[in-house]
Each structure stands twice: as C-alpha cells, then as structure tokens.
Amino acid sequence: MWFPMLRRPIQDKANTTNNSHMSNMYDKKLNKKLQHNINVFKDIFNQDDTIITRQLENQLDNSVRCCIVFLDGIVNNEIVNENIIEPIVKNQFINYQNNTIDTLRSQVILSNNIEKVSDIEKLVEAILNGDTVLLLEGSDEALIISSKGWQTRPVGNPPSEVILRGPREGFTESLMINLTLIRRRLKTPDLKFTFRTLGARSRTKAAICYLDGLVNEKILQELLKRLEDINMDGILDTGYIQEMIKDAPHSPFQTIGNTERPDVVAAKLLEGRIALVLDGTPFALTLPYVFIEYFQVNEDYYNNFFYSSINRLIRLLGFIITISAPAVYVALATFHQELIPSPLLLSISAARYGVPFPTIFEALLLLFVFEVLRETGLRIIPNIGQTTSTVGALVLGQAAVEASLVSAPIIIVVAITGITDLLIPQLKGASIIIRFSLLLISSFLGLYGYIFGILFWMIHLFGIRSFGIPYMLNFNSFNPQDLKDTFIRAPWWYMQYRPKFIAANNYNRKANSKGK
C-alpha cells in the first residue's frame, strides 16, 4: 500500500440510525402544487420557529403565486426584500402564461447567483447555509437565491501567531472570507478550490486549496479519499479532520500542520502543498507536514536570513533543552556525580540538605505544578492568568525552597524547561510526553536511559510519514539544496528549488516565461 497507516474503525451503529432518519427526510419530492411544496419544508423543519415561509402574489396578476423559504437571522433582509419580494410583487410583465421559473430567474429576481434545483437535500442545505429558496405554483422545481447575511468577525491579527514583521491578517470563521484572503495573495487561475461537505448533521463546508501544476496528484487523491472515509455526525473544527486523517494516529507528533495566517497558507501552496479550509473555524490545515516545519516561522522569510537562521537555531536548541534538562539533571545528580565539577556538586548537595524527597520526585512534582499553572493561566481571563502565573512562579517556588520541600537547583532546571518550551508552542504536547518519558527512564538507568530514550524517539520520527512524505525529510541529506531551509534559512537567491518530494511535478521555484 502506498500510504501505510493505522486505521481505526470509524463506523458505529448510531450513525446507521441517524443516516436512515435523514435519508427518509430527503425522500420527499416536490410537485407542481405550491401548498404541497411548502408543507414539505414545514415537515422537514418541524418545531423550528426560525423557519420563515412567506407567500407572495403579483399585484397585477394574482395567479402568479410564489413562496420564499429561509431561516430567520442568517439571511440579509435587504436582499430578500429588495431583490426577491419587491420584483415579484411589482413586476408588470409576468403573468400566468409566462410565469415559468426560468422567467423569474432570468428577468425578475435581482441576484448574481441563482440556481434551479429539484433535489430536496440540496434545497435544505441551501436554506441552512443562509440562502433563500423560492417555490412557484405550477413548478416542481425551485430556485436557490444567494442571500447569506450573518455577522462575521473582522479580519485581524491572529492571536496564536503574533509576529513583529509581516501581514497582520488572520483567518476568520467565514469560509468565503478566508478563501478571498488566500486568493488576494495568489492571483493565478492555477489556484483551485474544491469543495466538500463534511458531517452528516453539521453539513460543514470545506475547501481543498492547491496550485494546479505544482500539487502532487497522488497526495491530492489520497486526501480526497481520506475525507470521503470520514463518517461523523458533526465536524466543528479542523482539529476533528486533523485527527481523523493523520498518519501515525498514536504518535504525539502532528503529521498535518495548522495555521491562522493566509500568508503561511499561500507560501505552503507555492511549495506544492495542499491546504484545507473549513467553514466556522479560523484554523486551516496544511499537508504534507514534516518535522522541520515546527521550527519554521513565517517571520523567518521576512527578516534578514542571518537573523532568521540564528532564531531558528535557538528554537532547535530550545526544543533539545526543554525535553532533556530535567532528565539530564536527574541522571547526573543521581547516578553520575563524578561528571559534575566538584564546586557545583558541593553547591547542589548543600542546596538539597534537608530535602526529604529524592531528586526524581522533586522533578516530577515541580513539572506537574508548572503544567497546572500553565493550563490555569490559559483557561482564565488574561489579567488573572498573569497574576496566577506570577504568584505560582515566585511565591510558591520561594516558599517551597524555604520549607525544604524542593531544592533551589531543581527550581532553576524546571524554569529553564518551561521557558524553552514556549519557543515552539505547536510542539507543546509532544514535548511534554518526551520530557516525562526521558525523565522516568533516566531515573532508572541514568545517562544510558537518556540515550536509549533519545534513540527510541529518533527511530520513531524517522519511521513516520505524512501522506507518503518522510517526516524527517532532508535530515539525512548532505546536499546544500536540501538543507537550505532546515537548520538555517538560506538567502532567497539560493532557494531555487521547491521540496522535490512534495512538488514533484515542478520543483523549480523560478517562474518561467509563462509565470509558472
């Protein structure tokens, strides 16, 4: 199999019942009786007081009878009143002889997006998406008229990816606004948007974005296949999809990236990657996703390459420190005191004098308290969160040392661990798991345990793939072109090629005479 992956059962008996209920609902048909068609929608939206059915007649010929159906609160009332109701009621040229639904669509209703449909499921989906359905006496078809009008959050600086230099725009919860933000950056007909509807009940609209000619067709087809396999009642965030379609589902590492920034999505698309944007969430998915992307920030590409390279090395070093510091300290203090300089060893011994607990217990206790403080700071309002963090870090730490519950050196080790952990927030979950696993094994086997632990995680990382692409892409290469955007960020004039495994069809980054 080209994409080896561990699949879990995603079917359940409840879904079978739900799908059967919805199937019966959509078995209803439209006919040429207006009242029958109105009753069809009233039955489907039974006990829903937000459904509006407004019957209309033409002022000059009351044989022209229509009914508009929409949900209150999610349509633009000005569009409904001025572009649909008023033209039908006041039009002087429609009558019973020429009141076909085609006449209404082409000569009466003022809208830039009208579709003639007879499928009940599609009509219901349009109503739920904020469009208006127009039913006409004598027609077994209906018109879907674009009239979406709910409030959306303005485009602003994304809070999870704050930068000093670069665009200040972030995605919102509106799918079409997000697609527009991407389109503004890639003004080429090669940019394609393919829509899918996910979730049997949520009916959430998703857009798959890619650049034709750059995208790897095998990866694109595999993504579409995995999306087809999703069988859930509701998809409320891209996190649902990320977990359902990722490779290595039991790994703490992400094999699908996420971002709130349209400039990041545009840059990934230019490398031949694929983005998935979901209605109702500001987080877009990007794939394939490789390990080094954790350490790449969009600001790296806007600043001088020397400065960006230093920052990237700091992030890599920070990751090594945050997973290793507690384990190495416990191993040295417990098993390998001979490796510690004598003055430092005497200082540590003096600091630990009177502490009743072993070093491993001190480390586990403080790391647990640190995680509790961090989670508390995230879950409460910002001002109180800052106070809680300050009180926890200063007051509790100092009090614990004075009470001889823990020693001062372990406070320093945990503080360094916590600060370096903040350098790569997207690696938070994996860092915690690796840190605790290394700490536990080091408490039994010393530095040998630490080395065994590192080897285990390295073997794990080199065994992962993201949609067929090695997760540690280019980490085992000595070709300067392969390493140009890994540990450091090479200058733009040197980055002539895209990642060749991802943009297999066209990995020359320079535009040719056709702009491709």
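Residues numbered from 1 in each chain as written. Predicted model: local features only at pLDDT ≥ 70, side-chain atom pairs only at ≥ 80, totals over all residues. Heavy atoms only, no water.

Participant: Now, about the nonpolar core: what can you tell me, with residues and values included?
Facilitator: Counting 47 residues, the largest nonpolar core has I241 and F253 as its most contacted members. Secondary-structure elements contributing two or more residues to this core are β7 (204-211), α7 (217-229), α8 (238-245), β9 (274-278), β10 (284-287), α10 (305-334), α15 (428-445) and α16 (447-463). Counting residues per element, this core draws most heavily on α7, at five residues. If we skip the residues at most four places from it in the chain, F253 touches K246, F291, Y294, L427, A430, I434, W457, H460, L461 and Y471. (Core = buried A, V, L, I, M, F, W, Y, C linked by side-chain atoms within 4.5 Å. Buried < 20%, exposed > 50% of the residue type's maximum accessible area, 1.4 Å probe, protein only. Helix = DSSP H or I, 4+ residues; strand = E, 2+ residues; numbered from the N terminus. Contact = heavy atoms within 4.5 Å.)

Participant: Hey, could you go over the sheet that holds strand β2 (residues 65-71) for me, with residue numbers and the actual values?
Facilitator: One open sheet holds the five strands; their spatial order is β1-β2-β4-β5-β3, and the pairing between them is antiparallel. The open sheet has two edge strands, β1 (51-57) and β3 (114-117), and neither has a second partner. On average, each strand axis in the sheet is inclined to that of its neighbour by 25 degrees, with strand direction left out of account. Relative to strand β5 (residues 142-145), strand β4 (residues 132-136) is paired through four bridges, and the arrangement is antiparallel. Paired with L135 across the bridge in β5 is A142. (Pairing = 2+ DSSP bridges. Axes fitted to C-alpha atoms, helices over the stretch in contact; angles between N-to-C directions.)

Participant: Could you give an account of the state of the cysteines, with specific residues and numbers?
Facilitator: Under the criterion given, the structure shown has zero disulfides. Here C67 stays unpaired: no disulfide links it, and the sulfur of C66, its closest cysteine neighbor, is 8.7 Å away. What makes C67 buried here is its relative accessible area of 0%. (Disulfide = S-S within 2.5 Å.)

Participant: Hey, could you go over the pairing of β7 for me, with residue numbers and the actual values?
Facilitator: Along β7, seven of the eight residues are buried, which leaves the element largely enclosed by surrounding structure. In this antiparallel pair of consecutive strands, strand β6 (residues 191-198) and β7, the connection spans five residues, and G199 shows a positive phi of 90 degrees. Judged from the four bridges that link them, β7 and β9 form a sheet pairing that is antiparallel. The residue of β9 that forms the bridge with C209 is A275.

Participant: Tell me about the pattern of salt bridges, and please be specific about residues and values.
Facilitator: Applying the stated criterion across every chain yields a total of 29 salt bridges. Among the salt bridges present, the one from R201 reaches D233, with a minimum N-O distance of 3.6 Å. Taken as a pair, R201 in the loop between β6 and β7 and D233 in the loop between α7 and α8 lie far apart in primary sequence, 32 residues in all. D233 gets classed as partly exposed once you look at its relative accessible area, which sits at 26%. Each member of the salt-bridge network shares a partner with another, and the members are D102, R105, K116 and E141. (Salt bridge = Lys/Arg side-chain N within 4 Å of Asp/Glu carboxyl O.)

Participant: Go over the packing of aromatic side chains, please, and point to the residues and values.
Facilitator: Applying the stated criterion across every chain, the model contains 15 aromatic pairs. With a centroid separation of 6.1 Å and 65 degrees between ring planes, the pair formed by F291 and F319 is classed as edge-to-face. Taken as a pair, F291 in the loop between β10 and α10 and F319 in helix α10 lie far apart in primary sequence, 28 residues in all. Look at F319 and you get buried, because its relative accessible area is 9%. Ring plane angle 35 degrees and centroid distance 4.4 Å describe the contact between F305 and F306, whose orientation is recorded as tilted. By relative accessible area, F305 is classed as partly exposed at 23%. Residue classification places F306 among the exposed positions, given a relative accessible area of 56%. In this structure an aromatic cluster arises from ring pairing among F253, Y289, F291, Y294, F295, F319, F456, W457, Y471, F475 and F487. (Phe/Tyr/Trp six-rings, centres within 6.5 Å; stacked < 30°, edge-to-face > 60°.)

These results come straight from atomic positions and should not be treated as a statement about function.
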